[in-house]
Amino acid sequence: MFHLDDFISSWPWTLIAWCIHLILLGLVSAHCLQRRRESTSALLWIVIAWSIPVFGAVVYLIFGVDRVHDKGFQKHLADQRLLAARKSTVSLQKRVIDPPDSFSKDINRAMDSMFPDHLLMGGNEIVPLVDGDEAFPQMMEAIRKAEHSINLVTFIIDDDEVGRSILDLLAAKARAGVTVRVLYDRFGSTYALWRGLFRRYRNIKNLSLIGWTQANPLKRQFQVNLRNHRKIMVVDGKHAFIGGINLHNAHI
């Protein structure tokens with residue numbers, strides 16, 4: 001049964017709650033309309049903020065705010081300058097150098113269609129590596145032969161035979177004087193992170209081992225869904241391993 005006294009006693013709190021909800025809704029709506037490029041995405045976030053009072057705005061703060069827009073724009077400008085320089089070089093080389101066999105021509109044609117802004121350059125060789133059984137031994141051999149630098153970025157480094165073997169080898173090369181830089185994703189490598197794998201490689205001269213994350217409330221970073229899925233290793237600026245293989249036993 002409805003009691004008028006209960007309503008009178010609770011209405012100030014109800015009014016305050018509605019005011020907070022409307023203020024947050026207004027802030028989310030204004031931010032969406034100013035910053036989000038896709039109208040469907042903006043409309044979806046506004047509906048979420050309206051349908052889920054307070055928590056909808058919190059979800060938008062965590063997942064919906066693009067905090068790397070300025071850096072992304074700077075990278076876009078740098079990419080355009082790089083591509084402009086590459087196109088002249090690639091066009092010259094492609095007129096002079098033709099892939100030597102049908103298999104290489106097929107790879108060249110497929111890569112050009114998938115990545116038109118990053119055409120393959122003449123004077124290089126590409127070897128497809130199907131799985132970890134093919135890739136890991138060659139990656140480790142390239143690390144052993146490194147003379148100057150090793151740059152590695154990956155989504156997952158696991159605390160297993162593959163992850164430990166590669167990190168041990170990288171640490172050994174760093175101690176031998178090679179500059180080693182490793183960037184792993186803290187979310188993708190959560191298991192190894194919690195088990196303390198990366199602490200074993202601290203304070204090694206010439207080794208930089210950094211975990212990537214955009215989820216740190218102390219630094220006002222809440223972009224928990226912004227992950228680094230790249231898998232790239234470049235040795236001495238001459239040999240590169242790229243693709244979808246993370247550093248763990250699942251790829252063996």
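Before any of the text, the structure's been laid out above.
In what follows, the accompanying structure is described. (Residues numbered from 1 in each chain as written. Predicted model: local features only at pLDDT ≥ 70, side-chain atom pairs only at ≥ 80, totals over all residues. Heavy atoms only, no water.)

1. Looking at the nonpolar core
Phase 1: Core analysis: the biggest nonpolar cluster contains 34 residues, and I150, L170 and F198 have the highest contact counts within it.
Phase 2: Looking at which element gives the most residues to this core, the answer is helix α7 (residues 161-175), with seven residues.
Phase 3: Not counting the four nearest positions on each side in its chain, I150 is found in contact with I143, L170, K173, V178, T179, V180, R181, M233, V234 and V235.
Phase 4: Counting ten residues, the second largest nonpolar core, distinct from the first, contains L25, C32, A42 and A49. (Core = buried A, V, L, I, M, F, W, Y, C linked by side-chain atoms within 4.5 Å. Buried < 20%, exposed > 50% of the residue type's maximum accessible area, 1.4 Å probe, protein only. Helix = DSSP H or I, 4+ residues; strand = E, 2+ residues; numbered from the N terminus. Contact = heavy atoms within 4.5 Å.)

2. Quick word on the sheet that holds strand β7 (residues 239-242)
The strands making up a sheet associate through backbone hydrogen bonding, with each pair oriented either parallel or antiparallel.
Phase 1: As summarised here, the arrangement of the five strands in space is β3-β2-β1-β6-β7, forming an open sheet in which the pairing is mixed. The sheet is open, and its two borders are formed by β3 (207-212) and β7, each paired with just one other strand. Averaged over all pairs of adjacent strands, the angle between their axes in this sheet comes to 5 degrees, without regard to strand direction.
Phase 2: Inspection of the sheet shows strand β1 (residues 149-154) paired to strand β2 (residues 179-185) by six bridges, in the parallel sense. Within the sheet, the bridge partner assigned to V153 lies in β2 and is L183. (Pairing = 2+ DSSP bridges. Axes fitted to C-alpha atoms, helices over the stretch in contact; angles between N-to-C directions.)

3. Overview of the environment of A146
Phase 1: Along the chain, A146 turns up in the loop between α6 (132-144) and β1.
Phase 2: For the pair A146 and D236, spaced 90 residues apart in sequence, the C-alpha separation works out to 6.3 Å.
Phase 3: For A146, the contacting residues outside a window of four places in its chain are K173, V178, V235 and D236.

4. Focus: the packing of aromatic side chains
Each aromatic ring pair is characterised by the separation of its centres together with the angle its planes make.
Phase 1: Tallying each qualifying case throughout the model produces two aromatic pairs.
Phase 2: Relative to Y60, the ring of W45 lies with its centre 5.2 Å away and its plane at 70 degrees, an arrangement referred to as edge-to-face. Of the two residues, W45 is situated in helix α2 (residues 39-51) and Y60 in helix α3 (residues 55-64); the sequence distance between them amounts to 15 residues. Accessibility classification places W45 together with Y60 in one group, the buried group.
Phase 3: Ring geometry for Y184 versus F198: centroids 3.9 Å apart, planes at 10 degrees, classification stacked. With Y184 in strand β2 and F198 in the loop between α8 (190-194) and β3, this residue pair connects regions lying 14 residues apart in the sequence. In this pair, the class of Y184 matches that of F198, namely buried. (Phe/Tyr/Trp six-rings, centres within 6.5 Å; stacked < 30°, edge-to-face > 60°.)

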